[in-house]
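Take a look at the letters that make up each chain.
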Amino acid sequence: MRTLRPALLAATAATCALLLGLTACGGGSSPTAGQAHGHAPASSPESPTSPTASTPSMNGMDGMDGMDAPASANGLSADRDGYRLVSPDARLPSGAPATYRFSVTAPDGRPLTAFALDQTQRMHFYAVRSDLTGFQHVHPGMAKDGTWTARLAALTPGAWRFFASFTPDAGPGKGTDVVLSRTVTVPGTASSPVPLPAPKTSATVDGYTVTVKGDIMAGMSGMAHPLAVTVTRNGRPVTDLQPYLGTYAHLTAFHAGDLAFAHLHPTTAVNGDHGGPELAFHAELPTAGDWRLFLQFRTQGTLHTAALTLRAG
């Protein structure tokens, strides 16, 4: 490839600076959608959730580890910056609780055993079905040799993607958030994929209504937009939210089709067992299209999971 001339480089830099400035001025929040057709996970006291709808496979998901993940942190790769998600389990049984074993190797090839705390945990592990009808968020335990064990509720037949979200506390990636994933097949008879519910502004779970306000635009990594969430029950504001993972709600998003990962960071301060009704997040959705959001919050010792669809333009 020929080297660009200095004048052309200068013009390109000026154009990029102008575009970045214009983009930064257009922030907003995001509309989302209610749950339907089995997309809303059931709630339980601190237990993983998994709906019963099933699907044969994700569009091109099997065997695609890393193919849809350029330098961005979308989590669609088993490798990133020298870190690698390794597991002997490519298939898990259906219809009964399952155990998934894995480890994370560092850039030197050795298992990583030093992990920093992120929202009170050293490892956040997500199991997501290809049509987004299944979602589990658990916190596995690690053995001294760096082997993690994630205990999952029963999985339905079809294709799943498992995500490991962590922050190394040693080595060249110390202090950097990393998300890696691998695909897993659950054998058995699978039904047709369940269509993703259309975007809406609210969803109801266990009698609680979650409403999202504002618009959000997809943008490059590092450009976050404010997202406001309100929790009500029987039309009245909810003010008894209990802390969960060091905050009043945990919000994760997955892009429809490829399951790209996005973690929406909470900004509401915690003050005892009386959170709500309004919660604030910083949303960073790098890709346009429909995203499925899973909002987890706790009241009276019970964990609730509301599922919503959001469209990023």
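Summarised in this report is the structure supplied together with it. (Residues numbered from 1 in each chain as written. Predicted model: local features only at pLDDT ≥ 70, side-chain atom pairs only at ≥ 80, totals over all residues. Heavy atoms only, no water.)

## Examining the overall build of the protein
What counts, and what does not: Runs of E in the DSSP output that reach at least two residues are strands. Runs of H or I that reach at least four are helices, and both are numbered from the N terminus. Categorising residues by exposure relies on relative accessible area from a 1.4 Å probe, with only protein chains included: less than 20% of the type maximum marks a residue as buried, more than 50% marks it as exposed, and the intermediate range marks it as partly exposed. The accessible surface values rely on the Shrake-Rupley method and a 1.4 Å probe; as for residues, cover is taken only from the protein chains in view.
Looking only at helices and strands, the protein features 1 helix and 18 strands. Counting the 313 residues in the protein, one finds 45% classified as buried. Total accessible area on the protein stands at roughly 14,200 Å², and carbon and sulfur atoms take up 55% of it.

## A word on the pattern of salt bridges
Two side chains that carry opposite charge are able to pair once their charged atoms sit near each other. Note the threshold: Any Lys or Arg side-chain nitrogen located within 4 Å of an Asp or Glu carboxyl oxygen qualifies as a salt bridge.
Evaluation of the coordinates by the stated rule reveals 5 salt bridges. Asp81 is the partner of Arg80 in a salt bridge, and the nearest nitrogen-oxygen pair spans 3.5 Å. A relative accessible area of 56% places Asp81 in the exposed class. With a shortest N-O distance of 2.7 Å, Asp290 and Arg311 are connected by a salt bridge. A residue pair is termed long-range when its members are at least 10 positions apart, and Asp290 in strand 17 (residues 289-299) and Arg311 in strand 18 (residues 302-312) qualify at 21 residues.

## Notes on the sheet that holds strand 4 (residues 124-129)
Quick note on the threshold: In short, DSSP must find at least two bridges between two strands for them to pair. Interaxial angle, 0 to 180 degrees, is taken between N-to-C directions of lines fitted to C-alpha atoms, where a helix line uses only the stretch in contact.
Taken in spatial order, the 4 strands make up an open sheet running 5-4-8-9, and their pairing is antiparallel. Only two strands of the sheet have a single neighbouring strand rather than two, namely strand 5 (135-138) and strand 9 (178-186). The average undirected angle you get between the axes of adjacent strands in this sheet is 15 degrees. In this structure, strand 4 lies alongside strand 8 (residues 158-166), joined through 6 bridges in antiparallel fashion. Each bridged residue has a counterpart across the sheet, and for Phe125 the counterpart in strand 8 is Ala164.

## Observations concerning the packing of aromatic side chains
Just so we agree on the cut-off: In this scheme Phe, Tyr and Trp rings, the latter by its six-membered ring, pair at centre separations within 6.5 Å, and the angle between planes marks the pair as stacked below 30 degrees, edge-to-face above 60, and tilted otherwise.
Under the definition given, this model contains 19 aromatic pairs. With a centroid separation of 6.4 Å and an interplanar angle of 10 degrees, the aromatic rings of Phe102 and Trp148 are classed as stacked. Taken together, the positions of Phe102 in strand 3 (residues 98-105) and Trp148 in strand 7 (residues 148-152) put the pair 46 residues apart, joining distant regions of the chain. In this structure Phe102 comes out as buried when scored by relative accessible area, which is 2%. For Trp148, a relative accessible area of 3% puts it in the buried group. A ring pair is formed by Phe163 and Phe261, whose centres lie 5.7 Å apart and whose planes are at 35 degrees; its orientation type is tilted.

## Comments concerning the sheet that holds strand 1 (residues 79-80)
Strand order in the open sheet made by the 5 strands is 1-2-3-7-6, with antiparallel pairing throughout. A single partner strand is all that each edge strand has here, and the edge strands are strand 1 and strand 6 (141-142). Bridge analysis of strand 6 against strand 7 gives 2 bridges, and the strand direction is antiparallel. The residue of strand 7 that forms the bridge with Gly141 is Thr149.

## Considerations on the environment of Val238
Rules: Two residues form a contact once any of their heavy atoms are found within 4.5 Å.
With respect to the helices and strands, Val238 occurs in the loop between strand 13 (236-237) and strand 14 (250-255). Taking C-alpha positions, Val238 is 4.9 Å from Pro277, a pair spaced 39 residues apart along the chain. Once residues lying within four places of it in the same chain are set aside, the contact partners of Val238 are Tyr208, Val231, Thr232, Arg233, Gly275, Gly276 and Pro277.

## What to know about the pairing of strand 10 (residues 202-205)
Side-chain alternation along strand 10 places Ala203 and Val205 on a buried face and Ser202 and Thr204 on a face that remains uncovered. Where strand 10 meets strand 11 (residues 208-213), 4 bridges bridge the pair, whose relative direction is antiparallel. Bridge pairing in strand 11 places Thr204 opposite Thr209. Hairpin connection, strand 10 to strand 11: the antiparallel pair is bridged by 2 residues, and Asp206 has positive phi, about 55 degrees.

## Examining the pairing of strand 8
A large share of strand 8 lies buried, amounting to 9 of its 9 residues. The pairing of strand 8 with strand 9 spans 9 bridges and is classified as antiparallel. The residue bridging Ala159 from the neighbouring strand is Thr185, located in strand 9.

## Looking at the environment of Thr305
Mapped onto the fold, Thr305 is located in strand 18. You can call Thr305 buried: its relative accessible area is 0%. Thr305 sits 170 residues away from Phe135 along the chain, and the two C-alpha atoms are 9.4 Å apart.

## Section: the side chain of Thr167
Position of Thr167 relative to the elements: it lies in the loop between strand 8 and strand 9. According to the relative accessible area criterion, Thr167 is buried, its value standing at 6%. Residue contacts for Thr167: discarding those within four places in its chain leaves Ala114, Phe115, Ala116, Asp118, Gly175, Thr176 and Asp177.

## So, unusual backbone geometry
Along the chain, Gly276 connects to Pro277 via a cis peptide bond; the corresponding omega equals 0 degrees. Among the structural elements, Pro277 can be located in the loop between strand 15 (261-266) and strand 16 (278-283). Backbone geometry places Asp206, a non-glycine residue, at a positive phi of 55 degrees. Its location among the elements puts Asp206 in the loop between strand 10 and strand 11. Taking relative accessible area as the criterion, Asp206 reaches 38% and is therefore assigned partly exposed. Phi angles above zero are rare outside glycine, and Gln300 is one such case at about 50 degrees. By the element assignment, Gln300 lies in the loop between strand 17 and strand 18.

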